[in-house]
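Summary of the model geometry
Now for the letters of each chain:
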Amino acid sequence: MERINFYSVKQVKEKSGLYHLNSKKISSPEDANQIIQTVLDLNNEAVEKFGILTLDSRNVVAGIHVLAIGTLNAVLIHPREVFKAAILNNAASIVLFHNHPSGDPMPSEEDIEITQRIVEAGNLMMIEVLDHIITGDGKYCSMAEQGLLNRGQSEPEK
């Protein structure tokens, strides 16, 4: 008789705390940045950190996940890690974020490429990527506001 392993997946809240926020609802990139900075203080990090805000169907933050910690100017991330956290948190949508310790929040070509790959994976999984916030030196850049988030809107067939 063969044995088959049985697995279950459980999400465990690592920690929580009280933060003085006006709202946990994301209505703008500024709202997302405020939550990221209040909870994680990314502007004072010496290395890049990449994570996501998971949102419910009303755009209320369900959780914040730091998914990768990198070096002074790079962090490796794969869509698999992004959506594992999003699925476990039952997210309707997500906001990506990371910091640039150099202080310049403008996205690099690599930032744009990985963001597009994550957006495409999200389209397949029906978890919308609302934005990618990059912080640095007290400022932030919203890739959605910059028009750098191609959410897969296709042109009508002719």
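Under an unreviewed UniProt entry, the name given to the chain is DNA repair protein RadC, and the organism recorded is Paenibacillus tyrfis.

**Notes on the layout of surface pockets**
Taken as a whole, the second largest pocket encloses approximately 330 Å³ of empty space. Together, 17 residues line the second largest pocket, and Glu48, Ala74, Val75, Glu110 and Asp111 are the ones closest to its centre. Residues of the lining of the second largest pocket, tallied by class, amount to 8 nonpolar, 6 polar and 3 charged.

**A short note on helix H2 (residues 79-88)**
Every buried residue of H2 is accounted for by Pro79, Val82, Phe83, Ala85 and Ala86. Here the buried residues of H2 occupy an arc of 155 degrees about the axis, which is enough to place them on one side. Against strand E1 (49-55), strand E2 (61-69), strand E3 (93-99), helix H3 (109-125) and strand E4 (128-136) lie the buried residues of H2. Following H2 by one or two positions, Asn90 adopts a phi angle in the positive range, close to 55 degrees.

**A few points about the sheet that holds E3**
Taking strand neighbours across the sheet as the criterion, the 5 strands line up as E2-E1-E3-E4-E5 in an open arrangement whose pairing is mixed. Each end of this open sheet is capped by a strand with a single partner; those strands are E2 and strand E5 (139-142). Taken pair by pair, the neighbouring strands of this sheet meet at an average axis angle of 20 degrees, ignoring direction. Alignment of E1 against E2, held across 7 bridges, turns out to be antiparallel. Its bridge partner being in E2, Leu53 is matched across the sheet by Ile64.

**Digging into unusual backbone geometry**
The residue Asn59 is not glycine, and still its phi comes out positive at about 65 degrees. Even without a glycine there, the phi angle at Asn90 is positive, about 55 degrees. Mapped onto the fold, Asn90 is located in the loop between H2 and E3.

**Thoughts on the pattern of salt bridges**
Within the structure shown, the criterion is met by 3 salt bridges. Residue Glu45 is joined to Lys49 by a salt bridge in which the shortest nitrogen-to-oxygen separation is 3.3 Å. What makes Lys49 buried here is its relative accessible area of 18%. A salt bridge links Glu81 to Arg80, with the shortest nitrogen-to-oxygen separation between them at 3.9 Å.

Conventions used here
Residues numbered from 1 in each chain as written. Predicted model: local features only at pLDDT ≥ 70, side-chain atom pairs only at ≥ 80, totals over all residues. Heavy atoms only, no water. 1 Å grid on protein atoms, 1.4 Å probe; cavity = no way out; pocket = protein on both sides within 12 Å on 5 of 7 lines; lining within 4 Å. Points joined across faces, edges and corners; volume = space filled by probe spheres on them. Nonpolar A, V, L, I, M, F, W, Y, C, P; charged D, E, K, R; others polar. Buried < 20%, exposed > 50% of the residue type's maximum accessible area, 1.4 Å probe, protein only. Helix = DSSP H or I, 4+ residues; strand = E, 2+ residues; numbered from the N terminus. Arc of directions from axis to C-beta. Contact = heavy atoms within 4.5 Å. Pairing = 2+ DSSP bridges. Axes fitted to C-alpha atoms, helices over the stretch in contact; angles between N-to-C directions. Salt bridge = Lys/Arg side-chain N within 4 Å of Asp/Glu carboxyl O.

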